[in-house]
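# Overview (structure and organization)
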Amino acid sequence: PGTYVAVAFSAALAPGTSEPFGIRSAIDTPEIRIAMHPGVLVEGRVVGRDGPVAGALVTAGAGDGEASTKIASTLTSPQGDFTLRALSGAVILSVTAPGHGIASRSLSLGDAGPRRREDFSLVVENAQLRGQVLAADGGPAAGVLVRVAEGPTKRSVVTDRTGKFTIGRAAGGAYILEVSGGDYPPTRAAAQSERWTEIRLQRGG
């Protein structure tokens, strides 16, 4: 018993969704209708610093967090080209490749239409973010979370017993790091790849 939504999938059609319907004990469920459409063919090319990226994973999904659903996925060709068929509605395209950062883009597609082109440029991740987090009294802050709040690479790490941290496989550039954990209020600090960053936490109230 409860309220549900039914979703239908087909290789040749875009996913279709029913209206919410209720199920009650000892009562037949009324007729559930799901309309499916041809959808949109999305194609494009993935390139990196040195040209086309072969074997990159391109994924189309819908929803956020635990409610996210993978609709379709494919790998790029040796020329970096990809094609995803039968997409519709609001989708999120994500592209990942070894040694590169993640690229994502939100699209609003109609229920029907011929083609749409979406090209992606990936950032090479061959740098590091390194530093040390100090407590308010100057001692090492161990076990606190260091998260990239702003920057080309989105990752996080926990400091070791000496308060030091290393975020490997990061794209070169400028970052804003956010440190949080324990009795310390969240603290943000600017950082640069391949440069040592020292972050001093404030005493919590």
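Fair warning: this is a prediction, and the values are worked out from it, not measured in the lab.

What follows deals with the overall build of the chain. Within the chain, the secondary structure is distributed over 0 helices and 20 strands. Viewed in the frame of its principal axes, the chain has a C-alpha envelope of about 65 × 55 × 20 Å. The buried share of the chain, reckoned over its 205 residues, is 35%. Of the accessible surface of the chain, which amounts to about 11700 Å², a share of 50% is contributed by carbon and sulfur atoms. Across the chain, 21 positive and 19 negative side-chain charges occur, with their mean positions spaced 6 Å apart.

Its volume calculated, the largest pocket comes out at about 220 Å³. What lines the largest pocket is Val-7, Phe-9, Pro-15, Thr-17, Ala-62, Gly-63, Thr-69, Ile-71, Ser-88, Gly-89, Ala-90 and Val-91. For the lining of the largest pocket, the secondary structure elements donating two or more residues are strand 8 (69-75) and strand 10 (89-96). Top contributing element to the lining of the largest pocket by residue count: strand 10, with 3 residues. Split into classes, the residues belonging to the lining of the largest pocket amount to 7 nonpolar, 5 polar and no charged.

Quick look at the sheet that holds strand 19 (residues 184-192) now. Here 4 strands make up an open sheet; going across it, the order is 16-15-18-19 and the pairing antiparallel. Strand pairing shows two members of the sheet lacking a second neighbour, strand 16 (156-158) and strand 19, which therefore form its edges. Between one strand and the next, the sheet's axes are offset by a mean angle of 25°, whatever the strand orientation. Bridge count for strand 18 (residues 174-181) against strand 19 is 7 bridges, and the pairing is antiparallel. The residue bridging Val-179 from the neighbouring strand is Thr-187, located in strand 19.

The sheet contact formed by strand 15 (residues 145-150) and strand 18 spans 5 bridges and is antiparallel. Across the sheet, residue Arg-147 finds its bridge partner in strand 18, namely Glu-178. The antiparallel hairpin formed by strand 18 and strand 19 contains 2 residues in its connecting segment, where Gly-182 sits at a positive phi of about 65°.

Turning to unusual backbone geometry, a few remarks are in order. Trans peptide bonds make up most of the peptide bonds, and negative phi angles are found at most residues other than glycine. Positive phi values are uncommon outside glycine, yet Ala-86 reaches one of about 55°. The residue Ala-86 is located in strand 9 (residues 81-87) in this model. Judged by relative accessible area, which is 8%, Ala-86 ranks as buried. Positioned with a positive phi, Arg-169 is a non-glycine residue whose angle comes to about 50°. Taking relative accessible area as the criterion, Arg-169 reaches 41% and is therefore assigned partly exposed.

Criteria and cut-off values
- Residues numbered from 1 in each chain as written.
- Predicted model: local features only at pLDDT ≥ 70, side-chain atom pairs only at ≥ 80, totals over all residues.
- Heavy atoms only, no water.
- Helix = DSSP H or I, 4+ residues; strand = E, 2+ residues; numbered from the N terminus.
- Buried < 20%, exposed > 50% of the residue type's maximum accessible area, 1.4 Å probe, protein only.
- Areas by Shrake-Rupley, 256 points an atom, 1.4 Å probe, with all protein chains shown as cover.
- Lys, Arg positive; Asp, Glu negative; His and termini not counted.
- Charge placed at Lys NZ, Arg CZ, Asp CG, Glu CD.
- 1 Å grid on protein atoms, 1.4 Å probe; cavity = no way out; pocket = protein on both sides within 12 Å on 5 of 7 lines; lining within 4 Å.
- Points joined across faces, edges and corners; volume = space filled by probe spheres on them.
- Nonpolar A, V, L, I, M, F, W, Y, C, P; charged D, E, K, R; others polar.
- Pairing = 2+ DSSP bridges.
- Axes fitted to C-alpha atoms, helices over the stretch in contact; angles between N-to-C directions.

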